[in-house]
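# Observations on the model geometry
So the chains spell out like this:
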Amino acid sequence: MSRGENILTLWKDKRENIIFALIFLAGFFLYFKSLSAFFILDDYPSIVDNPVIKHFNVSAIWRHDPSRFLTNLSFAVNYALHGLQTPGWHGVNVLLHCAAAAAVFQTTNIILQTPKIKSLRNDGRRFAVSAAAALLFLVHPLQTQAVINVVQRSTLLASLFYFLSLKNYLQGRITDDRKYYVLSVMFAAFGMFSKPLTMTLPLMIIVSDIILFGAEKRSQLKSAITVVAVGILSVLVPAGFIGIERLGLFAGDGVRAISWGQRLLTESNIIFTYLRLLIFPVNQNIDYDYPMAQQFFEIPTIFSVLGLAALSAVTIGMCRRSPLLSLGTAWFLITLSPVVIFPFADLIFEHWAYLPSYGFFLCAVIIGETLFKNADLRKTILAVWVAVLVTLTWSRAALWQDPVALMQDTVKKSPQKARVHNNLGLILWEQGRTEEAKSSFQTAIQLDPGYVLANNNLASLFLKENKFSEARELLEKAIAKAPHYLDLYVNLGYAYEGMNNFPEAAGYFNFVI
């Protein structure tokens, strides 16, 4: 056997291990700059200011939020090993992202071995398609918020377990080996205790079975779905709904009140915003100021609704002719469905597209194979696309290194949103740039006079500067608009204390107690 033949044989024997190694090397190269990024935004209440993760007490971590138990447990391990030194925290997130990309490879590889697909893919093409889908998932810039924002480790963990659960289910259907069903339920449970986005997994398993197996092995269908779906649902109920209030499924104070119908119309537009970002990932934003849809017969809402109907029709209509396209569109729509159905406090975040993006990448690879028959041309197109995505991701990751620059970029893209000005003010204040922070808080209040957080933050800044009268005036106005917000009363007590009005100060402190 020649040296070339030996290399080829070694590649065939070890190629899955090689692709995994390349995924992890590429992932860490891609996100290397982000390892030094600071904690930001929701990282503070969930990590920096969260006493639960700083004392490795498993029962306390469970009581804090069962639906994110594994996520918070990983935070506790991170804190025990690294304190609040961010490279260790970001390193774990990058590791999980790489693991999710590896799981994408494995899941796609199994999908291409199912009865309705197996005849369409030889061994070499199966590997190429799986590797292409994993590579696109790994390097796309839309994934940056899920990877770099440490608190979104919940998204990374839940998505990883989602892929592994489906992969093992499909492997069980192919081999009729019970152990894969057990593993599927186990990974589903892990996902539900990471973040309840896995609530769509039972439906995704059923739809995948229908698309990928059809009439094949029908004798297994009832028992397989029963074993897995019942197991998953038994986990979904305690894990998903114990933490439902913390999940933010229902809009709270300071959130725009909109009707369910108006939200559905708006989310129809947002679904196509996600698609636009997947196809053309520019003008990314960590806090979108998304326009509310007002009625069905307006542009672009009517086109979004019709487009959504067309995607749904493709999912059903292509089930026999092109099951992979059908599966990809079904994945995208089903995994995005919770943000459409439930009235979350916000309308759009980029990390919400992390798991659904796989459906897009699967469709993109299959469409590329269909349109471009020449293998060298396909490789060239993929290489160019990946190079562009790597450049954009590298640039976006670098922006996260400077929290002020990141929030200034957000203010530039959402100038009329009070929250982004308030968040910029907090970062500036933390860096000692008090005058700039004050200006940001004042801008937030001008945009939304009833925005309690901005009022309280500006008052806190006044207290630090011993401007007690200004703080008192601001706090009294804020309390009139938000009498339930206890931090306002605490700061008002400090304002009166600074003005030597101790009886009034004591009254407000006692009220809070």
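Here the structure is shown first, and the text comes after it.
Keep in mind that this is a model prediction, so the values were computed, not measured.

### What about the overall build of the protein chain?
Looking only at helices and strands, the protein chain has 25 helices and 0 strands in total. Scored against the burial criterion, the 513 residues of the protein chain give a buried share of 54%. Long-range contacts, defined as pairs at least 24 residues apart, comprise 74% of the intrachain contacts of the protein chain with a sequence gap of at least 6. Accessible surface, the protein chain: about 23100 Å² in total, of which carbon and sulfur atoms supply 63%.

### Some thoughts on the packing of helix 20 (residues 418-430) against helix 21 (residues 434-447)
Put simply, helix 20 and helix 21 touch, their axes get as near as 8 Å, and they point 165° apart. Of the possible angle classes, the one that applies to helix 20 and helix 21 is roughly antiparallel. When the axes of helix 20 and helix 21 are compared, the crossing they make is left-handed. For the pair helix 20 and helix 21, the contacting residues are A418, H421, N422, L424, G425, L426, L428 and W429 in the first and T434, E436, A437, S440, F441, T443, A444 and L447 in the second. Looking at the contact of helix 20 with helix 21 residue by residue, the classes come out as 9 nonpolar, 6 polar and 1 charged.

### As for unusual backbone geometry
Cis geometry is found at the peptide bond from I299 to P300, where omega equals 15°. Among the secondary structure elements, P300 is positioned in the loop between helix 14 (260-279) and helix 15 (301-317). At N466, a position not held by glycine, the phi torsion is positive, near 60°. If you trace the backbone, N466 turns up in the loop between helix 22 (452-464) and helix 23 (468-481). Residue classification places N466 among the exposed residues on the basis of a relative accessible area of 54%.

### Topic: a nonpolar patch on the surface
The grouping of I367, L371, F372, L377 and I381 at the surface amounts to a nonpolar patch, some 410 Å² of accessible area in total. Of all the elements in the fold, those that place two or more residues in the nonpolar patch are helix 17 (357-371) and helix 18 (375-399). One can find F372 in the loop between helix 17 and helix 18.

### Describing helix 18
Across its 25 residues, helix 18 extends 36 Å between first and last C-alpha, which sits within 8% of the 36 Å expected from 1.5 Å per residue. R378, V386, L389, T393, R396 and A397 are the residues of helix 18 that are buried. Among the residues of helix 18, the N-terminal cap falls to N374, whose side-chain oxygen and the backbone nitrogen of D376 are separated by 2.9 Å.

### Examining the packing of aromatic side chains
Following the criterion strictly, the structure yields 25 aromatic pairs and no others. Judged by centre distance (5.5 Å) and plane angle (75°), the rings of W62 and F69 are edge-to-face. Residue F69 is classed as buried on the basis of its relative accessible area of 14%. Relative to Y358, the ring of W331 has its centre 5.0 Å away and its plane inclined at 80°; by these criteria the two rings are edge-to-face. Separated by 27 residues along the polypeptide, W331 in helix 16 (residues 323-341) and Y358 in helix 17 bring together distant segments of the chain. For the pair formed by W331 and Y358, the shared burial category is buried. Each member of the aromatic cluster is reached from another via a ring pair, and the members are F137, Y162, F163, W331, Y354, Y358, F360 and F361. Above the face of the F213 ring, R173 is positioned so that its terminal group lies 4.3 Å from the ring centre.

### Focus: the pattern of salt bridges
Across all of its chains, the model carries 15 salt bridges by this definition. The partner of E436 in a salt bridge is R433, and the shortest N-O contact between them spans 2.9 Å. Of the residues examined, R433 reaches a relative accessible area of 30% and is grouped as partly exposed. Note that K438 is salt-bridged to E465, the shortest N-O span being 3.1 Å.

### Side note on the side chain of R173
Inspection of the secondary structure assignment puts R173 in helix 9 (residues 153-175). Looking at R173, its side chain comes within polar contact range of the side chain of D209, at 2.6 Å.

### Concerning the environment of I286
Note on placement: I286 falls in the loop between helix 14 and helix 15. Taking the relative accessible area as the measure of exposure, I286 reaches 4% and is therefore buried. Setting aside anything within four residues of it in sequence, one finds I286 in contact with L41, Q145, F349, R396, W400, L406, M407 and T410.

Cut-offs used in this document
Residues numbered from 1 in each chain as written. Predicted model: local features only at pLDDT ≥ 70, side-chain atom pairs only at ≥ 80, totals over all residues. Heavy atoms only, no water. Helix = DSSP H or I, 4+ residues; strand = E, 2+ residues; numbered from the N terminus. Buried < 20%, exposed > 50% of the residue type's maximum accessible area, 1.4 Å probe, protein only. Contact = heavy atoms within 4.5 Å. Areas by Shrake-Rupley, 256 points an atom, 1.4 Å probe, with all protein chains shown as cover. Axes fitted to C-alpha atoms, helices over the stretch in contact; angles between N-to-C directions. Parallel < 35°, antiparallel > 145°, perpendicular 65-115°, else oblique. Left-handed = near helix turned anticlockwise from the far one by under 90°. Nonpolar A, V, L, I, M, F, W, Y, C, P; charged D, E, K, R; others polar. Patch = residues over 30% accessible without salt bridge, like charges linked within 9 Å, V, L, I, M, F, W, Y side chains within 5 Å. Salt bridge = Lys/Arg side-chain N within 4 Å of Asp/Glu carboxyl O. Expected span 1.5 Å × (residues − 1). Polar contact = N/O pair within 3.5 Å; in protein donor to acceptor, adjacent residues only side chain to side chain. Phe/Tyr/Trp six-rings, centres within 6.5 Å; stacked < 30°, edge-to-face > 60°. Lys NZ or Arg CZ within 6 Å of the ring centre and 35° of its normal.

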